[in-house]
Amino acid sequence: MQLTQEQQAILNGSEGEAMAKCLQTLVDYGGAFDAPRLVPIKSAHLTGSFKIFFYTAYYQIVSRLVEAGIRVKVPTTLNPRPGYDYAPQNRIVFKSQKWHEAQLEALGVTPNYSCVCYHGANNPEFGDVLGWAESSAIIYANSVIGARSNRNSIMVDLCQAVTGLTPEFGYLYDETRKGEVLVKLDIEEMDAPALGFLVGQIAVDRNPVLTHYPFDEAELKNMGAAMASSGGVTMFGVEGVTPEAPDLDTAFGGMEPAETVTITQKDLDGIRAERSAQHDAAQIAFGCPQMTLDEVTEISRHFVGKKIAKPVTFHLMPDAADEFSKTGLYQEVLNAGVQIQRHCPLAGLSLRIGLGNKEVLTPSGKLYYYLEGTRYGNLNDVLREAGVLNA
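As the structure is a computational prediction, the values presented were derived from the model and not from experiment. (Residues numbered from 1 in each chain as written. Predicted model: local features only at pLDDT ≥ 70, side-chain atom pairs only at ≥ 80, totals over all residues. Heavy atoms only, no water.)

Engineer: Just checking my understanding: could you explain the nonpolar core for this structure?
Structural biologist: Proteins that are soluble and globular tend to have nonpolar side chains buried together. The biggest cluster of nonpolar side chains holds 38 residues, and the ones touching the most others in it are Leu-65, Leu-158 and Val-162. Those elements that place two or more of their residues in this core are helix H2 (17-32), strand S2 (43-46), helix H3 (56-67) and helix H7 (156-163). The biggest single contributor to this core is H2, with seven residues. Judged by nonpolar contacts, the second largest core, of 27 residues, contains Ile-187, Ala-194, Leu-220 and Tyr-376. (Core = buried A, V, L, I, M, F, W, Y, C linked by side-chain atoms within 4.5 Å. Buried < 20%, exposed > 50% of the residue type's maximum accessible area, 1.4 Å probe, protein only. Helix = DSSP H or I, 4+ residues; strand = E, 2+ residues; numbered from the N terminus.)

So this is what it looks like as structure tokens:
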């Protein structure tokens, strides 16, 4: 890897041992992918927002950076809180959460506490090079915005934030961003999270391009998050919708797709749990990724003047929760019995005691993939089981 004089000086210790180790980490990371150099980033996003016992080395490194007076060199946002106050067991497992948050904020990290960082706190533009972690944010940035980030991990994200650099490889290059799998749609009733779940299972580490469908912003967010979860997808295209897929020829770089598949309504419906299994779920969870203000406003209308049939939780971006609390719908939702939370549902619900009758019903493809004891239903299924939609 070719380093600039300034980068070599940092590696030699000009900014201290901790910074040298961060840069060495990026050099080693890039070396594994034959990256020729390090390039500047516009922003970073960190996944390491939880304080839990098995990330000891990570917390030690964060502490060393704080002790050395190091601060992030680019705007840097942070993933959600883990739900410290959600249940007694969460308070035990995440007992040092507040200490960890203070450490991160001492580094200059923006305390947005949301995986949907691209809504307000960290807004990249087309072509920006990023040093992001969090798979749902990365796939949105690459696909919907047209910014450029590899699928970085915890610790690598921190090293990028404090150096302002990332190795140049992968999704920073035009050729890596071309479509590989053509997905044709034969669907009457769209269910974007289920579609993303299926596309991820088909594509697996490749770039899928979907034939035209007028997805809205929330559908793109939730579909991409499901793809990134079920198949490790880093970027997708939608013909005539996403910026790098104005047409199929452009999306595939003038080449033929390596594979062509068709997803039907039957395929989508196959992701949904049987109605009896949905009914047996003990609780319902919305918001993985966290809900935006537009999403919660739209879904909340179904709860006006109703009472829920089983526990329902909305997981919102903290900023969206603040704005939502100022609306008339907020009190209507509370009156219906809905809980409003600002944490990560995966972390908060992972610690529920026992499974058995503790299954969770969700319209989130991402939560369905990651959370043990989860059943999937489309939006109408979930609203019906919540008791706010006629059967």
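That was the structure; now back to the text.
Engineer: I keep staring at the pattern of salt bridges and nothing clicks. Help me out?
Structural biologist: Note on pairing: side chains with opposite charge can pair once their charged atoms come close. In total, this model carries 18 salt bridges according to the counting rule given. Note that Glu-385 and Lys-310 form a salt bridge whose closest N and O atoms lie 4.0 Å from each other. Pair noted here: Glu-385 is in helix H18 (residues 379-386) and Lys-310 is in the loop between helix H13 (293-300) and strand S11 (312-316), with a separation of 75 residues, a long-range link. Of the charged contacts in the structure, one is a salt bridge between Asp-381 and Arg-384, with a shortest N-O distance of 3.3 Å. Of the two residues, Asp-381 and Arg-384 are both situated in helix H18; the distance of three residues between them amounts to about one turn of the helix. One network of salt bridges, with partners in common, ties together Asp-269, Arg-272, Lys-310, Asp-381, Arg-384 and Glu-385. (Salt bridge = Lys/Arg side-chain N within 4 Å of Asp/Glu carboxyl O.)

Engineer: I tried to follow a negative patch on the surface on my own but got confused; where do I start?
Structural biologist: Taken together, the side chains of Asp-216, Glu-217, Asp-294 and Glu-298 make up a negatively charged region of the molecular surface. Examined against the element boundaries, Glu-217 turns out to sit in helix H9 (residues 217-231). (Patch = residues over 30% accessible without salt bridge, like charges linked within 9 Å, V, L, I, M, F, W, Y side chains within 5 Å. Areas by Shrake-Rupley, 256 points an atom, 1.4 Å probe, with all protein chains shown as cover. Lys, Arg positive; Asp, Glu negative; His and termini not counted. Charge placed at Lys NZ, Arg CZ, Asp CG, Glu CD.)

Engineer: For this particular structure, what's the right way to read the sheet that holds strand S14 (residues 374-376)?
Structural biologist: The strands making up a sheet associate through backbone hydrogen bonding, with each pair oriented either parallel or antiparallel. Ordered by their spatial adjacency, five strands build an open sheet running S12-S11-S10-S13-S14, and the pairing between neighbours is parallel. Edge positions in the sheet fall to strand S12 (339-341) and S14, since each of these pairs with one other strand and no more. Neighbour-to-neighbour, the strand axes of this sheet turn through a mean angle of 30 degrees, independent of strand direction. Of the pairings in the sheet, the one linking strand S10 (residues 283-291) to S11 comprises four bridges and is parallel in character. Paired with Ala-285 across the two strands is Thr-313, which belongs to S11. Those strands touched by H13 are S10 and S11, and its axis lies near 150 degrees from that of S10. (Pairing = 2+ DSSP bridges. Axes fitted to C-alpha atoms, helices over the stretch in contact; angles between N-to-C directions. Contact = heavy atoms within 4.5 Å.)

Engineer: Help me out: how do you make sense of the sheet that holds S2 in this one?
Structural biologist: The parallel open sheet is built from three strands, whose spatial order is S3-S2-S4. With one partner strand each, in any of the chains shown, strand S3 (76-78) and strand S4 (130-132) form the two edges of the open sheet. With strand direction ignored, the average angle separating the axes of adjacent strands in the sheet is 15 degrees. Pairing geometry for S2 and S3, over three bridges, is parallel. When the bridges of S3 are listed, Ala-44 appears paired with Thr-76. Sheet contacts for H7: S2, S3 and S4; angle to S2, the most-contacted strand, approximately 150 degrees.

Engineer: Would you explain helix H15 (residues 328-336) in this entry?
Structural biologist: Think of an α-helix as 3.6 residues a turn; residues three or four steps apart then line up on the same face. Within H15, burial applies to Leu-329, Val-333 and Ala-336. An end-on view of H15 places all buried positions within 60 degrees of arc, on one side of the element. Looking at the packing, one finds that the buried side of H15 touches H13, S11, helix H14 (318-324) and S12. Once H15 ends, the next one or two residues include Gly-337, with phi positive near 105 degrees. (Arc of directions from axis to C-beta.)

Engineer: Help me understand the pairing of S11 in this model?
Structural biologist: Taken residue by residue, a regular strand's side chains alternate between the two faces of the sheet. In terms of burial, S11 is largely enclosed, as five of its five residues are buried. Burial along S11 is two-sided: the face carrying Val-312, Phe-314 and Leu-316 and the face carrying Thr-313 and His-315 are both buried. For the segment spanning S10, H13 and S11, crossover handedness is right-handed. In this structure, S11 lies alongside S12, joined through three bridges in parallel fashion. Note that in S12 the partner of Thr-313 across the bridge is Gln-339. (Right-handed = clockwise from strand over helix to strand, strands pointing away.)

Engineer: Sorry if this is basic, but what is going on with the packing of aromatic side chains here?
Structural biologist: Aromatic rings in a pair are described by how distant their centres are and how their planes are angled relative to each other. Tallied over the full model, the rule gives 14 aromatic pairs. With a centroid separation of 5.7 Å and an interplanar angle of 85 degrees, the aromatic rings of Phe-324 and Tyr-330 are classed as edge-to-face. Under the relative-accessibility criterion, Phe-324 is labelled buried at 0%. Both rings, one in Tyr-369 and one in Tyr-370, keep their centres 5.0 Å apart while their planes meet at 85 degrees; by these two values the pair is edge-to-face. Look at Tyr-370 and you get partly exposed, because its relative accessible area is 37%. A network of ring pairs unites the aromatic residues Phe-197, Tyr-368, Tyr-369, Tyr-370 and Tyr-376 as a single cluster. The ring of Tyr-113 carries Arg-81 above its face, with NZ or CZ at 3.8 Å from the centroid. (Phe/Tyr/Trp six-rings, centres within 6.5 Å; stacked < 30°, edge-to-face > 60°. Lys NZ or Arg CZ within 6 Å of the ring centre and 35° of its normal.)

Engineer: Sorry, what's going on with a nonpolar patch on the surface here?
Structural biologist: Where nonpolar side chains cluster on the molecular surface, the patch consists of Phe-53, Phe-54 and Tyr-55 and spans about 350 Å² of accessible area. With respect to the helices and strands, Phe-53 occurs in the loop between S2 and H3.

Engineer: Where do I start with the environment of Tyr-370 in this structure?
Structural biologist: Position of Tyr-370 among the secondary structure elements: in helix H17 (residues 365-370). C-alpha of Tyr-370 to C-alpha of Leu-383: the two residues are 13 residues apart in sequence and 22 Å apart in space. With sequence-adjacent residues up to four places away left out, Tyr-370 is seen in contact with Arg-151, Ser-229 and Leu-346.

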